[in-house]
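A closer look at the structure
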Amino acid sequence: MLLKIENIKKSYGKTDVLKNISLSVAENESLAIVGSSGSGKSTLLYILGALEKVDAGQILINGIELAKMNDEELANFRNINIGFVFQFHFLLPSMTCLDNALLPAKIGGHKVKEIKKRVLEFAETLGVTHCLKKFPYEISGGEQQRINIIRAISLSPKLILCDEPTGNLDSKNTVVVMNLLKDVANKVGATLIVVTHDVSVADSFNRKITIEDGQIIS
Amino acid sequence: MSKLPIYSLFRIIFEGNISLKFLLATILSFAFAMSVILSTLGLMDGFENSLKSALAKSNGDLKFSAISGFFIDDDKLKDQLENHSIKSYTSILQIEAFALSENESKGVLLKGIEKKDFLKTTNLDLSNLDLGVYIGSEYAKKYDLSIGDKVSIAIASNKAKDTGSAILRQFAIDGIINHGIYEKDLRFIYVKKNILEEILSYKSGVSNLGLIKLLENTDLEKIRKNLNRELSEDFSFESFWNESSVLINAVEIEKLSISIVLQLIVVIAILNIVAFIIFISEKKTQDFFMLRTLGLSLKKLQYFWFFLLTSIWAVSCLFAYFFVEFFNRYILTLPFLKIPGDIYVLSELEIVLEKFDYLFVYGVSLAWILLIGLISMNRMRKKPLIAGLRQEFA
């Protein structure tokens, strides 16, 4: 079991965002989290990604309890084990696409030469080799999202977390990007969790859960 | 802990011309503020140092006078001064007189000296002094006098039959001396002591002022106190700068108060840094939160933040140093910045800065920058990562 959460609770002020959520996700499994806006699905994703702490409950990723880690350890954990793909690409405009893709390696102090090889392979697989020397503003939205995916998987994370990765794309690109994500996760042996409000995207996953009002309802 | 990706972070921060221009303006304004303070302190230190060194040049290390007014320079005096780390001493007979040039009289201090002892004690070289006089450089300039010209000196007579009249003597000018102090260069005239004794009909050795040069690395104040304690019945000893002590003390107090007031300039420059920090924070918050998401810890971000601010401070300090050097070498030497000698003791000022001055100004500036950095970092720390992401990427 890669990921196990038990009875987690999270509230902002008087608003309970997550209420006693428990969930298990196996290694290499793909999971879609669906729900309406404000249901708590993104909060759950950020908690799984060690970006947010819970008020109560336990989160175990590969047997490691996140609550026991300090900020430094959590940052290191995120860098090595988790790849994020957001709705907006969030590529830094001051860097070329290659440098953007290598950012997690530089931040984590990994061997950049080795990671660069991997990035070049991924770029070839995703058909964006020609974009690597360009700046983000010089390439299309679909290409930016692919660079974003390469950045997320550059360190071969155990867990890929995607927050509305196709929310900004048309239906044709949505299918392309989702297929890419699944293929890439499969290739690097990562668990893929995608938050989406797009039912067709959710239906393409073997497993999906629905969150409403801070609770898993199905 | 992995290495901080400083180069990548700098590239993120300084992306675009605006950030770089803003940074340059911030550094220059901060450097200028520090250089203004340093220059002001340096000018005051320079004044004090120049005054003291000029006084030392003409006064030796210690001055002494007899309690009774006059003393005889004899073996007894030599014995009294022994065992006090004294390298040399010289006795002077000085009187007030009037020098007459171009139908104008000028009050002067006529000093009868023994030129060998005088040179050993004061470093003022009057080696050409023979039967004439040495005049000060300002006096020579004022009356357009040069070596070989004549100057008449009127001296009050101490003889009963001459009461109310003066002795008038004409001397050839044997040399012109520069003390480095306007007042002395205008008023001091040197003559051989035996000539002055003869004019005044004093017996040989009569003196009313003594100058002492101490051995190297001796504690001037300690020796002065010892001499005053041991010879208090006959003599009074004072430090070479004592005649200007009020002025020097005033400068010290002024230096302290001005350095406090000038902190206002640093505060204004700090506001530029605050503006820069706000600009960077606003423009780069998205990037910072993204970097944290990708695994940059808050601690590393803090290191970078303070590294950035300290770098700004260090570069500003360097610029400030060069600004001060520039002021000192090229601005203060401009002719229109020469100080009128009849108002100030010194006719030219220079910036003299000690290590403490740099430490003080740079240290206070660093404290200001770190305080601002701490406040801005605290604001970032308080905002949870998810809140930052949502706010910045909404």
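Above this text sits the structure in question.
As a starting point, this report considers the structure included with it. (Residues numbered from 1 in each chain as written. Chains lettered and ligands numbered in written order. Predicted model: local features only at pLDDT ≥ 70, side-chain atom pairs only at ≥ 80, totals over all residues. Heavy atoms only, no water.)

**As for the side chain of B:Ser152**
- Here B:Ser152 shows up in strand β6 (residues 150-156).
- Filtering out sequence-adjacent residues up to four positions away, B:Ser152 remains in contact with B:Phe98, B:Ala99, B:Leu100, B:Leu168, B:Arg169 and B:Gln170. (Helix = DSSP H or I, 4+ residues; strand = E, 2+ residues; numbered from the N terminus. Contact = heavy atoms within 4.5 Å.)

**Overview of the nonpolar core**
- Residues A:Leu3, A:Ile5, A:Leu44, A:Ile193, B:Phe30, B:Leu291 and B:Tyr362 are the most contacted members of the largest nonpolar core, which totals 85 residues.
- Listed in part, the 39 residues of the second largest apolar core include A:Ala101, A:Leu132, A:Cys162 and A:Phe205. (Core = buried A, V, L, I, M, F, W, Y, C linked by side-chain atoms within 4.5 Å. Buried < 20%, exposed > 50% of the residue type's maximum accessible area, 1.4 Å probe, protein only.)

**A closer look at the pairing of strand β3 (residues 86-101) of chain B**
Residue and element names in this part refer to chain B.
- Sheet topology note: the β3/strand β10 (residues 209-214) ladder contains six bridges and is antiparallel. Bridge assignment links Ser91 to a residue of β10, and that residue is Gly210.
- In this structure, β3 lies alongside strand β4 (residues 104-113), joined through nine bridges in antiparallel fashion. Along β4, the bridge assignment pairs Ser101 with Glu104.
- What sits between β3 and β4 in their antiparallel hairpin is a turn of two residues, with Glu102 showing a positive phi close to 50 degrees. (Pairing = 2+ DSSP bridges.)

**Here's the deal with the sheet that holds strand β9 (residues 207-212) of chain A**
All names here are of chain A.
- Reading across from one edge, β6-β7-β8-β3-β9-β10 is the order of the six strands in this open sheet, with mixed pairing throughout. Strand pairing shows two members of the sheet lacking a second neighbour, β6 (82-86) and β10 (215-216), which therefore form its edges.
- Here strand β7 (residues 159-163) runs beside strand β8 (residues 191-196); their pairing, made up of five bridges, is parallel. Counterpart to Cys162 in the pairing with β8 is Val194.
- Along the sheet face, helix α1 (residues 41-48) touches β3 (30-35), β6, β7, β8 and β9 and points at about 150 degrees away from the line of β7.
- Sheet contacts for helix α2 (residues 71-81): β6 and β7; angle to β6, the most-contacted strand, approximately 75 degrees. (Axes fitted to C-alpha atoms, helices over the stretch in contact; angles between N-to-C directions.)

**Side note on the packing of helix α5 (residues 141-153) of chain A against helix α6 (residues 171-188) of chain A**
Residues and elements named next belong to chain A.
- Put simply, α5 and α6 touch, their axes get as near as 11 Å, and they point 15 degrees apart. It follows that α5 is roughly parallel to α6 by the angle criterion. As for the relative orientation of α5 and α6, their crossing is right-handed in sense. Mapping the contact onto sequence places Gln145, Arg146, Ile149 and Ile153 in α5 and Asn173, Val176, Val177, Leu180, Leu181 and Val184 in α6. (Parallel < 35°, antiparallel > 145°, perpendicular 65-115°, else oblique. Left-handed = near helix turned anticlockwise from the far one by under 90°.)

**Quick look at the interface of chain A and chain B**
- The interface is formed by 29 residues belonging to chain A together with 26 residues belonging to chain B.
- When chain A packs against chain B, close to 2,400 Å² is buried across both sides, 63% of that on carbon and sulfur atoms.
- Viewed at the interface, chain B and chain A are joined by zero salt bridges.
- At the junction of chain A and chain B, the tally comes to six residue pairs in polar contact (both at pLDDT 80 or more).
- Looking at the side of chain A that touches chain B, the elements that each hand over two or more residues are α1, α2, β6 and α3 (97-108) of chain A.
- Of the residues belonging to the side of chain A that touches chain B, the class tally is 14 nonpolar, eight polar and seven charged. (Buried area = accessible area lost by both parts, 1.4 Å probe. Salt bridge = Lys/Arg side-chain N within 4 Å of Asp/Glu carboxyl O. Polar contact = N/O pair within 3.5 Å; in protein donor to acceptor, adjacent residues only side chain to side chain. Nonpolar A, V, L, I, M, F, W, Y, C, P; charged D, E, K, R; others polar.)

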